[in-house]
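This is what each chain is made of:
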Number of protein chains: 2
Amino acid sequence: MMSPGKSKRQELLCRYLEGNPFLTDNELAHMLGVSIQTIRLDRWGLSIPELRKRLREVAKGSYGQVSALQKEEWIGDLVDLEPGRQGVSILEVSEEMTLNSTKVARGHYIFAQANCLAVSLVNTKVALTGTAKISFKRPVYYGEKVIARAFISRKKDNKFIIRVTSKVRDETIFQGKFLVFAIA
Amino acid sequence: MMSPGKSKRQELLCRYLEGNPFLTDNELAHMLGVSIQTIRLDRWGLSIPELRKRLREVAKGSYGQVSALQKEEWIGDLVDLEPGRQGVSILEVSEEMTLNSTKVARGHYIFAQANCLAVSLVNTKVALTGTAKISFKRPVYYGEKVIARAFISRKKDNKFIIRVTSKVRDETIFQGKFLVFAIA
DNA sequence: CTCTATTTTAGTATCTGGTATTAAAGTATA
DNA sequence: TATACTTTAATACCAGATACTAAAATAGAG
């Protein structure tokens, strides 16, 4: 049997580190009122890596994400684009896009992909979405690749009506009609 | 005068570290074909901190962002919520949300705020957007605070029709009608 | 070519935040 | 009281540095 003091302390230790992964063993030892050796034993028992490795992980994890999310200016990878005519974009549903309880992608990511693609079809410096009528046909899951195809269905002056259909394999999961304004 | 070898090497050093901040002095010394002491002198001259501090910075920088972006699960700050009835959310348009040439927020952020709010009104573990009819009334600019108000306008079984109106001050900038499904 | 200044390398002591290991206390508990 | 679990201690070692001193290599000017 594990003594209640130990398991309680280990729980606390986890909570502290979740709240602040930048704590050293020394600081933890003071916070929990035990020796540094006990902290190391606990970490070992809970297989929590040392500070430097924790930092490395956080840093690495974010390093990929920084460029992934800050460049999330455009959601989805443009794989084909004929400005003024049609375009295709692919989006692989990553973990950040999903509701954490389920593995379902949040609707606005699917929308964002379609919106980005629609706007990029318009061949001007700036284009803005005016109205949109959209419909999510079925949930999209973590890991699935969403292929969005867009084409301009009508054009008048600076107004474009663009239709976007997003599919996973051959199944349509999203459809939308966007009214986009081009701005000189 | 600084020897050309030195300034060239320092430029390279910067580029290497920009590309990969995880490099140790030792690795840099090998890459640049000089001794480790030279690398340290160069770092000192360029006031580049040691590996561990660089990692700390990257990790810290991203730690703020992790909670800002990974919790970007919900876009906008919920300021009022009566589940099953109505809710209010505020979103301040930050730089990342804008098109970089102009200062106009990209439509999908405005949509995301509304979508998050609509979904959160439904008082179940998981809720998904089925269809939506939305309209962007005018562009929203960097720094503006968007206040989205949502209410359930109809309900039948597990289907909810939710209307969202987003305003900047007293001006309506977005309206949307969402059909949301609750999932047990 | 020589003298001087800059640049580079070497070496040593020290620090932090650990790992790994062995051993000895302290504490419960049957 | 004997046994098992838990905690602390002590020691040797490592990576990746700082800080400092000093010597070698190289460049440039007269």
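Look up: the structure comes first, before these words.
A brief look at the structure comes next. Computed from a predicted model, the values in this text were never measured in an experiment. (Residues numbered from 1 in each chain as written. Chains lettered and ligands numbered in written order. Predicted model: local features only at pLDDT ≥ 70, side-chain atom pairs only at ≥ 80, totals over all residues. Heavy atoms only, no water.)

## A closer look at the protein's contact with DNA strand D
And then number 1: Close to DNA strand D lie 17 residues, the nearest being R9 and T38 of chain A together with D25, L51 and R52 of chain B.
And then number 2: The sugar-phosphate portion of DNA strand D accounts for 64% of its atoms within 4 Å of the protein, the bases making up the rest.
And then number 3: Within the side chain of R9 of chain A, one N or O atom sits 2.7 Å away from a phosphate oxygen of DNA strand D.
And then number 4: One nitrogen or oxygen atom from the main chain of S35 of chain A is found 2.9 Å from a phosphate oxygen belonging to DNA strand D.
And then number 5: Contributions of two or more residues to the surface near DNA strand D are made by α1 (4–19) and α3 (36–45) of chain A together with α3 (36–45) and α4 (51–70) of chain B. (Near = heavy atom within 4 Å. Polar contact = N/O pair within 3.5 Å; in protein donor to acceptor, adjacent residues only side chain to side chain. Helix = DSSP H or I, 4+ residues; strand = E, 2+ residues; numbered from the N terminus.)

## Things to note about helix α2 (residues 25–32) of chain B
All names here are of chain B.
And then number 1: The complete set of buried residues in α2 reads D25, L28, A29 and L32. Along the axis of α2, the buried residues cluster in a sector spanning 105 degrees; they form a single face.
And then number 2: Directly after α2, the chain includes G33, whose backbone phi takes a positive value near 65 degrees. (Buried < 20%, exposed > 50% of the residue type's maximum accessible area, 1.4 Å probe, protein only. Arc of directions from axis to C-beta.)

## Some points on the sheet that holds strand β1 (residues 77–82) of chain B
And then number 1: Strand order in the open sheet formed by twelve strands is β1(A)-β2(A)-β4(A)-β5(A)-β6(A)-β3(A)-β3(B)-β6(B)-β5(B)-β4(B)-β2(B)-β1(B), and the pairing between neighbours is antiparallel. Edge positions in the sheet fall to β1 (77–82) of chain A together with β1 of chain B, since each of these pairs with one other strand and no more. The sheet shows a mean angle of 20 degrees between the axes of neighbouring strands, taken without regard to direction.
And then number 2: Both β1 of chain A and strand β2 (residues 86–92) of chain A contribute to a ladder of five bridges, which runs antiparallel. (Pairing = 2+ DSSP bridges. Axes fitted to C-alpha atoms, helices over the stretch in contact; angles between N-to-C directions.)

## Brief notes about the protein's contact with DNA strand C
And then number 1: Around DNA strand C, 17 residues are found, and the nearest of them are D25, L51 and R52 of chain A together with R9 and T38 of chain B.
And then number 2: Here a base nitrogen of DNA strand C and a side-chain polar atom of R52 of chain A are 2.8 Å apart.
And then number 3: One of the side-chain nitrogen or oxygen atoms of R9 of chain B is found 2.8 Å away from a phosphate oxygen of DNA strand C.
And then number 4: Mapped by element, the contributors of at least two residues to the surface near DNA strand C are α3 and α4 (51–70) of chain A together with α1 (4–19) and α3 of chain B.
And then number 5: With three residues, the single largest contributor to the surface near DNA strand C is α3 of chain B.
And then number 6: Here the surface near DNA strand C is built from residues that sort into five nonpolar, five polar and seven charged. (Nonpolar A, V, L, I, M, F, W, Y, C, P; charged D, E, K, R; others polar.)

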